[in-house]
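# Observations on the model geometry
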Amino acid sequence: MNIDQQILINWRRYLHMHPEVSGEEKDTADYIAGILRSFGYTVKERIAGYGVMAVLPGDSKKKCAAVRADIDALPILEESECPYQSLSPGKMHACGHDAHVAMALGAAKLMSENPPAGTVKFIFQPCEEKPPGGAKFMIEAGVLKNPDVDGIFGTHVVPDLLPGQIGIHDGATMSLDDTFSIAITGKGGHGAQPHKAVDNIVVASQVIIALQNIRSRRIDTFDPLVITIGSMHGGSRHNIIPDRVDMNGTIRCFSDEIDMNVRQCIEETVRGICSAYGASYELKFHDGYPPLINDPKLDMTVADAATKAGAEVVIMNRPRMTAEDFAFYGKSVPAAFFFTGAGSERCRYPLHNSRFDLEESAMPYGSLTLYHAAFALASQDK
Ligand SMILES: [Zn+2]
Ligand SMILES: [Zn+2]
């Protein structure tokens, strides 16, 4: 079994040159649907926005496998040197979703030519980059139902593995990503007379430092956790104590239980410090993507598939603190999300960097792994 690398490159470069950001993937969806139709698929379009799904129907006594690719680009001005640069200034496929689409289309092409006994669904999902994400709405629109999906596969290109390497991690593989906002308020005043005011800048500073102690003093050392304050705004000039300071942050960890515990610790910390200085506060948490949990049995299927694809299987011993809305599928059905190595000396920039590029020789490995994994699952009895 083989796949023509050039056809994958052509698809990927077209998408790379025509990036569309989250929620605006109209032409991308049309492009994908057209290619799927050319393989003979019946295609459903405009699912939860610009989602696309193609189904290869099979024997209902066999399992139903799904392959998911995300399709959106990012609002970044491309600075890579590649000859297939974005033609839309300020928009760029800097997370490799162009390659994800190409690899899933490659798997769909192979599947139409060499179908398994069971059903296979190809899900092209918009809005991965923009919370609350597209996955949740695709699931609500019923993509995992009728026929019910027994397992779903997805992949992400990564610059820290080489082309020909497929990375696998069992269990909790990518972090949840809640956000929170803290507003600290109190009577402002003259910078020369802080005792007559509540210095919200000092209170906020103490809160930021104390939040870091939650990681080191209140949560088990063996439970990965990151708390980051990514923005802080307050004040207008050097000698005025402001009435209010606003902060935003993110929580990264691997279970809802730890997340709830951390939220409580944050609340106690903010409350305690504010109370010591006579400040008031408003604290809000917002759910992000859930933790991405890989099913060990499906990971075995991926490992076998990667071997069939001629790839080297790399068992990854660390999870990632980044988040992915593929996690929502994993909350509904068994799921396996693997990493397709696409880095090199030339392609060494991280995801979301304006100079990000990927080694296209990686794509046949990812595409064939998706194909073999979905084929294997859709060949099993229910
Ligand atoms: Zn991304
Ligand atoms: Zn991504």
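Residues numbered from 1 in each chain as written. Chains lettered and ligands numbered in written order. Predicted model: local features only at pLDDT ≥ 70, side-chain atom pairs only at ≥ 80, totals over all residues.

Before going further, it helps to spend a moment on the sheet that holds strand β5 (residues 151-158). Within a beta sheet, neighbouring strands are joined by backbone hydrogen bonds and run either parallel or antiparallel to one another. Spatial ordering of the open sheet is given by β1-β2-β4-β3-β5-β16-β6-β15, a layout of 8 strands whose pairing is mixed. On the outer flanks of this sheet lie β1 (42-47) and β15 (312-315), each paired with one strand and no other. On average, adjacent strands in this sheet sit at an angle of 25° to one another, irrespective of strand direction. Across 4 bridges, the pairing between strand β3 (residues 64-70) and β5 is parallel. In the strand pairing of β5, Val67 is matched with Phe153. (Pairing = 2+ DSSP bridges. Helix = DSSP H or I, 4+ residues; strand = E, 2+ residues; numbered from the N terminus. Axes fitted to C-alpha atoms, helices over the stretch in contact; angles between N-to-C directions.)

Nonpolar side chains in soluble globular proteins tend to end up buried together. Counting residues in each nonpolar core, the largest one holds 107 residues, and the members touching the most others are Ile32, Val101, Ala104, Ala107 and Ala374. What Val101 contacts, discounting residues up to four positions off in sequence, is Trp11, Leu15, Ile32, Ala69, Ile71 and Phe124. Grouped together as the second largest cluster of nonpolar side chains are 7 residues, Leu74, Ile76, Ala94 and Cys95 included. (Core = buried A, V, L, I, M, F, W, Y, C linked by C-beta atoms within 7 Å. Buried ≥ 20, exposed ≤ 12 C-beta atoms within 10 Å, placed from the backbone. Contact = placed C-beta atoms within 7 Å.)

Looking now at the sheet that holds strand β13 (residues 280-286). The strand order across the open sheet formed by 4 strands is β10-β12-β8-β13, and the pairing between neighbours is antiparallel. Only two strands of the sheet have a single partner each, and these edge strands are β10 (225-234) and β13. Strand-to-strand twist across the sheet, computed as the mean angle between neighbouring axes with direction ignored, equals 20°. In terms of strand pairing, strand β8 (residues 176-185) meets β13 through 7 bridges, oriented antiparallel.

Moving on to the domain arrangement of the protein. Per the domain assignment, the segments of the protein are domain 1 (5-174 + 291-377) and domain 2 (176-286). Each of domain 1 and domain 2 has a C-alpha centre, and the two are 37 Å apart. Counting residues at the interface gives 5 residues for domain 1 and 7 residues for domain 2. Broken down by class, the residue content of the side of domain 1 that touches domain 2 amounts to 5 nonpolar, no polar and no charged. (Domains from an automatic or database assignment. Nonpolar A, V, L, I, M, F, W, Y, C, P; charged D, E, K, R; others polar.)

With that settled, the discussion passes to helix α1 (residues 5-17). Every α-helix winds through 3.6 residues per turn, so residues three or four apart in the chain are directed the same way. Compared with an ideal rise of 1.5 Å per residue, which puts 13 residues at 18 Å, α1 spans 18 Å between its outermost C-alpha atoms and is within 8% of the ideal. Regarding α1, the residues found buried are Leu8, Trp11, Arg12, Leu15 and His16. Down the axis, α1 shows its buried residues gathered within 135° of arc, on one side only. Pointing more than 90 degrees away from the buried face of α1 are the exposed residues Gln6 and Asn10. On the buried face of α1, the contacting elements are α2 (26-38), α3 (97-113) and α9 (363-377). (Expected span 1.5 Å × (residues − 1). Arc of directions from axis to C-beta.)

Cis geometry is adopted by the peptide bond preceding Pro132, which originates at Pro131 and carries an omega value of 5°. With respect to the helices and strands, Pro132 occurs in the loop between β4 (119-125) and α4 (135-140). Along the chain, Asn146 connects to Pro147 via a cis peptide bond; the corresponding omega equals -5°. Mapped onto the fold, Pro147 is located in the loop between α4 and β5. Here the phi dihedral of Ala48 falls at roughly 45°; this positive angle occurs in a residue that is not glycine. With respect to the helices and strands, the residue Ala48 is situated in the loop between β1 and β2 (51-56). Phi is positive for Cys127, close to 65°, though the residue is something other than glycine. Secondary-structure assignment places Cys127 in the loop between β4 and α4. A residue is classified by how many C-beta atoms lie within 10 Å of it, and Cys127, with 26 of them, is buried.

Inspection of the secondary structure assignment puts Phe337 in strand β16 (residues 335-341). Sequence separation of Phe337 and His352 is 15 residues, and the distance between their C-alpha atoms is 19 Å. Those residues in contact with Phe337 that lie beyond four places of it in its chain are Gly154, Thr155, Thr173, Leu292, Asn294, Glu324 and Phe326.

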